[in-house]
Amino acid sequence: AVPVALVAGLSRAAHFGVLIKGAKPLEAMARIRTLIVDKTGTLTEGRPRIVSIDSHIGISEVEILRFAAALEQASQHPVAQAIVAIAKEQGLTLPVPSEVAEIPGEGVVGSVQGRKIVVGGASFVARRIGQTSDNHSSLAAGSVLVAVAVDGKMAGHLVMADPLRKGVETMFKRLRQEGVARILLATGDRPEVAERVAEGLGLDGLRAGLTPDQKVLLVLTERKNGPVMMVGDGVNDAPALAAADVGVAMGARGAAASAEAADVVLLVDQVDRLGPGIVIARRARRIAI
Ligand code: ADP
Ligand code: MG
């Protein structure tokens, strides 16, 4: 039977919006040494706003937004959802795209009104249209940069700002007091953006430009030093959540795949709930053993 203290811990954590899927993950949570956090949608709000739109080949800014949003309807990525919402707020009617394929954590390809569109991270889009690099990247260090290609040509960029969530710094301090010795940021985004977000957070390391598989590899490598907790929100995080000792999903707005793969689901859209979550887990374990 499961000790009463653990059952009480589960119920107490749920009260804080931290859904722990059983006594085993609760115990594991009490022993975490390393925390790996995803960036977009986890450390940041994941509701970026558009700062500016640049157009390069004579397709207007509004058309670039319309093409991008039409295709992003197919994606659950927080950046994609933000682009769709902004386009609709501006009163744009979005055509239904065809031949759509999403590459998780990178972007979407497809056809919109007979034109071949690629939308996504700037380096992904550059690669898809056969450019070796996106020479625009350096202009927008620190912001999320979404590129849009039309019929094989780089047509424009959406420069977007995605602010850090409230309470992250305080939460990290608290977790360190609770015995978390190492905190790493892992993101599919560019290093410049990751560095800007990490500034002042006192992280022990930062890995950028990671594919979903590379996030898994990072988790497995870190597990050699002790129990690892991985927190993420996206489809691209699901394998890493499953590979961690404790996978935590941002349940309120994150991808369903990440909530399924996780041992712990944050039912409120606040990553700092991990603070009380860990405190409760440690207390419950102390009483139970
Ligand atoms: P993280 O790993 O930090 O959550 P992701 O790997 O999910 O970040 O996304 C990193 C970057 O990839 C985003 O900031 C964005 O530039 C780009 N990206 C991924 N998917 C999409 C998409 N569907 N549309 C536009 N950009 C995308
Ligand atoms: Mg994410």
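One can find the structure itself at the top, above this paragraph.
Values in this document were obtained by computation on a predicted structure and should not be read as measured data.

### Thoughts on the packing of helix 1 (residues 4–15) against helix 12 (residues 274–288)
At step 1: At a closest axis distance of 8 Å, the pairing of helix 1 and helix 12 adopts a crossing angle of 165°. Taken together, helix 1 and helix 12 sit at an angle that is classed as roughly antiparallel. Note on packing geometry: the crossing formed by helix 1 with helix 12 is right-handed. When helix 1 is examined against helix 12, the residues A5, L6, G9, R12 and A13 are found in contact with a partner set consisting of I280, R283, A284, R285, I287 and A288.
At step 2: For the contact of helix 1 with helix 12, the class distribution of residues is seven nonpolar, one polar and three charged.

### Some thoughts on unusual backbone geometry
At step 1: The phi dihedral of E99 is positive, around 45°, even though this residue is not glycine.
At step 2: Secondary-structure assignment places E99 in strand 4 (residues 98–103).
At step 3: A positive phi angle is found at Q113, which is not glycine, with a value near 50°.
At step 4: Positionally, Q113 belongs in the loop between strand 5 (107–112) and strand 6 (115–121).

### Regarding the environment of V125
At step 1: Inspection of the secondary structure assignment puts V125 in helix 6 (residues 122–128).
At step 2: Placed 21 residues apart in sequence, V125 and V146 show a C-alpha to C-alpha distance of 8.6 Å.
At step 3: Non-local contacts of V125, meaning those with residues more than four positions away in its chain, are made with V118, V119, G120, A147, V148, A149 and M154.

### Overview of the sheet that holds strand 11 (residues 228–232)
At step 1: Ordered by their spatial adjacency, seven strands build an open sheet running 1-13-12-11-2-9-10, and the pairing between neighbours is mixed. At either margin of the open sheet sits one strand with a lone partner, and together these are strand 1 (18–20) and strand 10 (205–207). The sheet shows a mean angle of 20° between the axes of neighbouring strands, taken without regard to direction.
At step 2: Of the strand pairs in this sheet, strand 9 (residues 182–186) and strand 10 are connected by three bridges, and their pairing is parallel. Across the sheet, the residue bridging to L184 is G205, located in strand 10.
At step 3: Against the sheet, helix 12 engages strand 1, strand 11, strand 12 (246–250) and strand 13 (264–266), with an angle of about 150° to strand 11.

### Quick notes on the site of ligand 1
At step 1: Surrounding ligand 1, one finds 22 residues, the nearest of these being D38, E72, H77, T187 and K215.
At step 2: K39 has a polar backbone atom sitting 3.4 Å from an oxygen atom of ligand 1.
At step 3: Between ligand 1 and T40, the relevant distance is 2.8 Å, taken from an oxygen atom to a main-chain nitrogen or oxygen of the residue.
At step 4: Protein burial of ligand 1: of its 550 Å² of free accessible surface, 98% is covered by the chains.
At step 5: Of all the elements in the fold, those that place two or more residues in the shell around ligand 1 are helix 3 (39–43), helix 5 (78–89), strand 5, strand 6 and strand 7 (144–150).
At step 6: For the shell around ligand 1, the residue count by class is six nonpolar, ten polar and six charged.
At step 7: Each of two domains, domain 1 (4–45 + 164–288) and domain 2 (49–161), supplies a minimum of three residues to the shell around ligand 1.

Cut-offs applied
- Residues numbered from 1 in each chain as written.
- Chains lettered and ligands numbered in written order.
- Predicted model: local features only at pLDDT ≥ 70, side-chain atom pairs only at ≥ 80, totals over all residues.
- Heavy atoms only, no water.
- Axes fitted to C-alpha atoms, helices over the stretch in contact; angles between N-to-C directions.
- Helix = DSSP H or I, 4+ residues; strand = E, 2+ residues; numbered from the N terminus.
- Parallel < 35°, antiparallel > 145°, perpendicular 65-115°, else oblique.
- Left-handed = near helix turned anticlockwise from the far one by under 90°.
- Contact = heavy atoms within 4.5 Å.
- Nonpolar A, V, L, I, M, F, W, Y, C, P; charged D, E, K, R; others polar.
- Pairing = 2+ DSSP bridges.
- Near = heavy atom within 4 Å.
- Polar contact = N/O pair within 3.5 Å; in protein donor to acceptor, adjacent residues only side chain to side chain.
- Areas by Shrake-Rupley, 256 points an atom, 1.4 Å probe, with all protein chains shown as cover.
- Domains from an automatic or database assignment.

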